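A closer look at the structure
What follows is each chain in one-letter form.
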Amino acid sequence: MSFTRRTGSAWVLAAVLVVSTFQQPATASRATAPDVGFAARLILTPHKLGTLQLGMSAEEAVATGHLVDNPEEPCGYPAQVIDKYAYVLFVGWNDDDSIDNIFIKGRSVARTKAGVGVRSTVAEMRAGRRGLRPARRVDGDGGRLWIQALRRGNDWLIFGLSTPENRQPRPTDRVSFMFIDRDWAPRDGLHGGC
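Here the structure is a predicted model, which means the values were calculated and not measured. (Residues numbered from 1 in each chain as written. Predicted model: local features only at pLDDT ≥ 70, side-chain atom pairs only at ≥ 80, totals over all residues. Heavy atoms only, no water.)

Re the overall build of the protein chain
What the protein chain contains, in helices and strands, is 3 helices and 12 strands. Here the protein chain holds 194 residues, and 46% of them are scored as buried. Put simply, of all contacts in the protein chain between residues at least 6 apart along the chain, 59% involve residues at least 24 apart. On the protein chain, roughly 9600 Å² of surface is accessible, and the fraction owed to carbon and sulfur atoms is 48%. (Helix = DSSP H or I, 4+ residues; strand = E, 2+ residues; numbered from the N terminus. Buried < 20%, exposed > 50% of the residue type's maximum accessible area, 1.4 Å probe, protein only. Contact = heavy atoms within 4.5 Å. Areas by Shrake-Rupley, 256 points an atom, 1.4 Å probe, with all protein chains shown as cover.)

Focus on the packing of aromatic side chains
Applying the stated criterion across every chain, the model contains 4 aromatic pairs. Through a chain of ring-to-ring contacts, three or more aromatic side chains come together here, namely Phe 90, Phe 103, Phe 177 and Phe 179. (Phe/Tyr/Trp six-rings, centres within 6.5 Å; stacked < 30°, edge-to-face > 60°.)

Examining the sheet that holds strand S12 (residues 175-182)
Spatially, the 6 strands line up as an open sheet ordered S6-S7-S12-S11-S10-S9, and their pairing is antiparallel. The sheet is open, and its two borders are formed by strand S6 (89-93) and strand S9 (136-140), each paired with just one other strand. Across this sheet, the average inter-strand angle for adjacent strands is 30°, counted without regard to direction. (Pairing = 2+ DSSP bridges. Axes fitted to C-alpha atoms, helices over the stretch in contact; angles between N-to-C directions.)

Considerations on the pattern of salt bridges
Evaluation of the coordinates by the stated rule reveals 3 salt bridges. Between Arg 167 and Asp 173 there is a salt bridge; the shortest N-O distance is 2.9 Å. Here Asp 173 falls in the buried class, since its relative accessible area comes to 7%. (Salt bridge = Lys/Arg side-chain N within 4 Å of Asp/Glu carboxyl O.)

As for unusual backbone geometry
For Asp 97, which is not a glycine, the phi torsion comes out positive at approximately 60°. Residue classification places Asp 97 among the buried positions, given a relative accessible area of 7%. In this model, Arg 119 sits at a positive phi of 90°, which is unusual for a non-glycine residue. The topology assignment puts Arg 119 in the loop between strand S8 (111-112) and helix H3 (122-126).

A closer look at the pairing of S9
Alignment of S9 against strand S10 (residues 143-152), held across 5 bridges, turns out to be antiparallel. Bridge pairing links Val 138 to Leu 145 in S10. Between the end of S9 and the start of S10, which pair antiparallel, lie 2 residues.

Here we look at the side chain of Asp 181
The topology assignment puts Asp 181 in strand S12. Among buried Asp, Glu, Lys and Arg side chains, Asp 181 stands out as unpaired, with Arg 182 the closest opposite charge at 7.3 Å. Residues contacting Asp 181, with those up to four places away along its chain left out, are Leu 54, Asp 100, Asn 101, Asn 154, Asp 155 and Trp 156. (Lys, Arg positive; Asp, Glu negative; His and termini not counted.)

If you want it as structure tokens, here you go:
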């Protein structure tokens with residue numbers, strides 16, 4: 001298997017933030033679904049999702065079984081998430097074909113070690129989490145949105161909140177997505193593209 005350098009490291013975050021149902025690209029390859037325990041093993045940290053790690057090469061990512069090689073991928077990325085999670089899990093790539101970021105929108109796709117996932121409440125997300133930065137609004141392709149983030153070294157775990165832009169997050173608001181990224185900064189916002 002060989003991977004060639006691709007252009008463009010951004011991914012289609014715009015569509016994810018604006019649209020809640022996704023259409024699978026017509027060129028997506030078919031992959032065999034992993035074993036039943038796949039979702040249970042996807043623990044999210046600022047550095048990795050299960051065995052997928054930020055900075056991992058495309059070849060290493062495909063070897064985990066979570067992605068498949070796809071030279072026909074519409075954005076020119078070296079690999080894409082297997083079909084079972086194609087609508088709820090997205091991997092962004094650097095120009096050197098290493099993993100730059102991972103975006104999780106699916107409810108039961110991944111959880112933190114403390115059990116926080118998409119649809120957890122803000123109160124559940126904040127409980128006992130030292131180092132969690134205060135909620136802030138950042139720019140995104142769909143407008144301004146609320147996030148809370150945790151940083152470990154250069155890596156970030158970002159919780160997107162369902163809070164309307166015009167008020168502070170409440171304990172009953174929910175986590176609408178989770179995102180890990182290397183070398184992100186709040187001033188960068190959350191923008192995508194292809």
